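# A look at the structure
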Amino acid sequence: MNKIDIRQRFVFDELDARGCIVRLSDTCEAIQATHHYPANLAKLLNQFALAATLLRDSIKIDGSLTIQLRTPGAIRLIMADCLSDRRVRAIAEYDTDELVSSDTIALDQLGQGAVLAITITPDDGERYQSIVPIDHATLSACLQDYFQRSEQLPSLFHLLAEKERAVGIAIHALPKTKVKDAKQAAEHFERLGALLNTLACDEALSLDNENVLTRLFHEEQCRLFDAHAVEFGCVCSATKSLDAIKSLGQDDVQGLIAEQQAKGHDELVVDCHFCFQRYQFQFADVRGLFSWAYL
């Protein structure tokens, strides 16, 4: 199969539902190459990357979408971003001594204080955030539950991942125009969910998108649209790194410079945690962030 990372929308001609399928391989490999996560965490992180891409595809504004999990336990952070141009990145922070690499990670077992949030950052306007209840073991189930509880139309999610490959499908209910009867429309959508859940990981990863949808919905009239590329990408830059240094405040930055000078260095180094891009700044550039004649 072609390894290119893609997203493809599809629609059901006789049902009030549309969907999107996302396939990631190069992106998963890029995420893994920078951090070498244990297999169970890599799979979950890939599911977050799928979710960010699928959720970003469903919003109608220009901007980025972030899905983020914070917990008080061994996994401190999982975060995935999808930008307007469908560049995706993801990262996890965890305690290597506490995380059991052979265990399946259940979200509802991560302890009290765990928070799952979706943040949308428009290119123009204020960002806004939604908290997703963590009442289920899988990210797919948590997202479905969130959309079911919200005032939005119901959605289905099926996120399947290995360490370096992943496939995700989202199906969204549409306003009733084809099936007017509310009970019948709900039954149709429930049937789509039951069919979607029959898709196994090895099958999803071995078949192409057209065959996956044919296998799942062969009795439905499902049309698959053109594919669009998705790729791993980061938004880090020298300017943003300098902004991060400045945000530390005068006293902390002064301490960092003094520490590096004591070691015989003449620059501050900032490494991007997502892509490991390194930015090096001469002390003169850092001094320019503040009015410090004494540095």
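Residues numbered from 1 in each chain as written. Predicted model: local features only at pLDDT ≥ 70, side-chain atom pairs only at ≥ 80, totals over all residues. Heavy atoms only, no water.

Glancing now at the overall build of the protein chain. Looking only at helices and strands, the protein chain has nine helices and 13 strands in total. Judged by the C-alpha coordinates and their principal axes, the protein chain covers about 75 × 45 × 40 Å. In the protein chain, buried positions account for 46% of the 295 residues. For the protein chain, the share of sequence-separated contacts (at least 6 apart) that also reach a separation of at least 24 residues comes to 63%. Taken as a whole, the protein chain presents about 15,100 Å² of accessible surface, with 47% of it coming from carbon and sulfur. Looking at the protein chain, you have 29 positive and 43 negative side-chain charges, and the mean spots of the two groups are 3 Å apart. (Helix = DSSP H or I, 4+ residues; strand = E, 2+ residues; numbered from the N terminus. Buried < 20%, exposed > 50% of the residue type's maximum accessible area, 1.4 Å probe, protein only. Contact = heavy atoms within 4.5 Å. Areas by Shrake-Rupley, 256 points an atom, 1.4 Å probe, with all protein chains shown as cover. Lys, Arg positive; Asp, Glu negative; His and termini not counted. Charge placed at Lys NZ, Arg CZ, Asp CG, Glu CD.)

In this section: the sheet that holds strand β8 (residues 155–161). Pairing is antiparallel across the open sheet formed by five strands, whose spatial order is β8-β9-β2-β1-β10. Edge strands, defined here as strands with exactly one partner in the open sheet, are β8 and β10 (222–229). The sheet shows a mean angle of 15 degrees between the axes of neighbouring strands, direction not considered. Pairing between strand β1 (residues 6–12) and strand β2 (residues 17–24): six bridges, direction antiparallel. Note that in β2 the partner of glutamine 8 across the bridge is isoleucine 21. (Pairing = 2+ DSSP bridges. Axes fitted to C-alpha atoms, helices over the stretch in contact; angles between N-to-C directions.)

On to the sheet that holds strand β6 (residues 115–122). On the basis of which strands lie adjacent, the open sheet formed by six strands has the order β7-β6-β3-β4-β5-β11 and mixed pairing. Every interior strand has two partners, whereas the edge strands, β7 (128–132) and β11 (231–232), have only one. Bridge analysis of strand β3 (residues 63–70) against β6 gives eight bridges, and the strand direction is antiparallel. In the sheet register, serine 64 faces β6, and the bridge partner there is threonine 121. Of the strands in this sheet, β3, β4 (75–82), β5 (87–94) and β6 are in contact with helix α2 (residues 39–58), which crosses β4 at around 35 degrees.

For the rest of this paragraph, the subject is the pattern of salt bridges. All chains considered together, the criterion is met by 12 salt bridges. The salt bridge involving arginine 223 is made with aspartate 13; its shortest N-O contact spans 2.6 Å. Placement of the pair is arginine 223 in strand β10 and aspartate 13 in the loop between β1 and β2, with a sequence separation of 210 residues. Here aspartate 13 falls in the partly exposed class, since its relative accessible area comes to 29%. One salt bridge in this structure joins aspartate 135 and arginine 149, with 2.5 Å as the shortest N-O distance. A residue pair is termed long-range when its members are at least 10 positions apart, and aspartate 135 in the loop between β7 and α3 (139–149) and arginine 149 in helix α3 qualify at 14 residues. Overall, the relative accessible area of 51% leaves arginine 149 in the exposed class. (Salt bridge = Lys/Arg side-chain N within 4 Å of Asp/Glu carboxyl O.)

Assignment of secondary structure puts aspartate 226 in strand β10. Given the relative accessible area of 64%, aspartate 226 is considered exposed. In this structure, the C-alpha to C-alpha distance between aspartate 226 and glutamine 8, residues 218 residues apart in sequence, is 6.2 Å. Sequence-distant contacts of aspartate 226, that is, excluding residues within four places in its chain, are made with Arg7 and Gln8.

Inspection of α3 places Leu139, Ser140, Cys142, Leu143, Asp145, Tyr146 and Phe147 among the buried residues, and these make up the whole buried set. Against α2, β3, β6, β7 and β8 lie the buried residues of α3.

Remember that side chains alternate between the two faces of the sheet whenever the strand is regular. With seven of eight residues buried, β3 is to be regarded as a mostly interior element. As judged from the six bridges shared by β3 and β4, these two strands associate in the antiparallel manner. When the sheet's bridge partners are listed, threonine 66 is paired in β4 with aspartate 81. Once β3 ends, the chain turns through four residues before running back antiparallel as β4.

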